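Below are the chains, spelled out letter by letter.
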Amino acid sequence: MSIIEQVLTATVTAEQTLELPPEIRSKLVPGETYRITIQENIIELTKIPKFDWEQWRQNLSRDGEELTDEIMEEICELVREVRHENRLERESAS
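Residues numbered from 1 in each chain as written. Predicted model: local features only at pLDDT ≥ 70, side-chain atom pairs only at ≥ 80, totals over all residues. Heavy atoms only, no water.

## Quick look at the overall build of the protein
(1) Moving on: Looking only at helices and strands, the protein features three helices and four strands.
(2) Moving on: For 94 residues, the compact-globule formula gives about 12 Å, and the C-alpha radius of gyration of the protein, at 18 Å, lies well above that figure.
(3) Moving on: Within the span of the protein, comprising 94 residues, buried residues form 7% of the whole.
(4) Moving on: A separation threshold of at least 6 residues defines the contact pool for the protein, and within that pool the share at least 24 residues apart is 16%.
(5) Moving on: Split by element, the accessible area of the protein, about 8,700 Å² in all, is 54% carbon and sulfur.
(6) Moving on: Of the side chains in the protein, 11 bear a positive and 21 a negative charge, and the two mean positions are spaced by 4 Å. (Helix = DSSP H or I, 4+ residues; strand = E, 2+ residues; numbered from the N terminus. Rg over C-alpha atoms; globule rule 2.2 N^0.38 Å. Buried < 20%, exposed > 50% of the residue type's maximum accessible area, 1.4 Å probe, protein only. Contact = heavy atoms within 4.5 Å. Areas by Shrake-Rupley, 256 points an atom, 1.4 Å probe, with all protein chains shown as cover. Lys, Arg positive; Asp, Glu negative; His and termini not counted. Charge placed at Lys NZ, Arg CZ, Asp CG, Glu CD.)

## Let's talk about the layout of surface pockets
(1) Moving on: Each pocket or cavity is described by its volume, and for the largest pocket that value is around 690 Å³.
(2) Moving on: Looking at the lining of the largest pocket, the elements with two or more residues in it are α1 (22-25), β3 (33-39) and β4 (42-48).
(3) Moving on: No other element matches β4, which puts three residues into the lining of the largest pocket.
(4) Moving on: Reported here for the second largest pocket is a volume of approximately 320 Å³.
(5) Moving on: Together, 15 residues line the second largest pocket, and Thr-33, Ile-48, Arg-80, Glu-81 and His-84 are the ones closest to its centre.
(6) Moving on: Only β3 and α3 (69-93) provide two or more residues apiece to the lining of the second largest pocket.
(7) Moving on: In terms of residues, the lining of the second largest pocket owes the most to one element, α3, which gives eight residues.
(8) Moving on: Class assignment of the residues belonging to the lining of the second largest pocket gives a composition of four nonpolar, three polar and eight charged. (1 Å grid on protein atoms, 1.4 Å probe; cavity = no way out; pocket = protein on both sides within 12 Å on 5 of 7 lines; lining within 4 Å. Points joined across faces, edges and corners; volume = space filled by probe spheres on them. Nonpolar A, V, L, I, M, F, W, Y, C, P; charged D, E, K, R; others polar.)

## As for unusual backbone geometry
(1) Moving on: Despite not being glycine, Gln-16 shows a phi value in the positive range, around 60 degrees.
(2) Moving on: Locating Gln-16 in the fold gives a position in the loop between β1 (11-12) and β2 (18-19).

## Quick word on the pairing of β4
(1) Moving on: Here β3 runs beside β4; their pairing, made up of seven bridges, is antiparallel. Bridge pairing in β4 links Thr-33 to Ile-48.
(2) Moving on: Counted along the chain from β3 to the antiparallel partner β4, the turn is two residues long, and its residue Glu-40 has a positive phi close to 45 degrees. (Pairing = 2+ DSSP bridges.)

Such coordinate-based values are descriptive only and should not be taken to indicate function.
Next up, the structure:
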């Protein structure tokens, strides 16, 4: 399977907002969350997947299974989601 990479350009306006091309805007859904990683001259946006509560419950309900890397990652993602929601609530209250 090959991955096709598409290179697009975004422009910073005088108001310091980012003007995204239509190809990117069409992929954005209100309420989605993105992780922003900054390294020197690189700013990277990575979509944070919604936490799958049903999958988590299924994994939790398995009796006698040891704590796998997959389960640990689910727990970490849950913690990240709760922290993010708490941060947004604090910021909106300010």
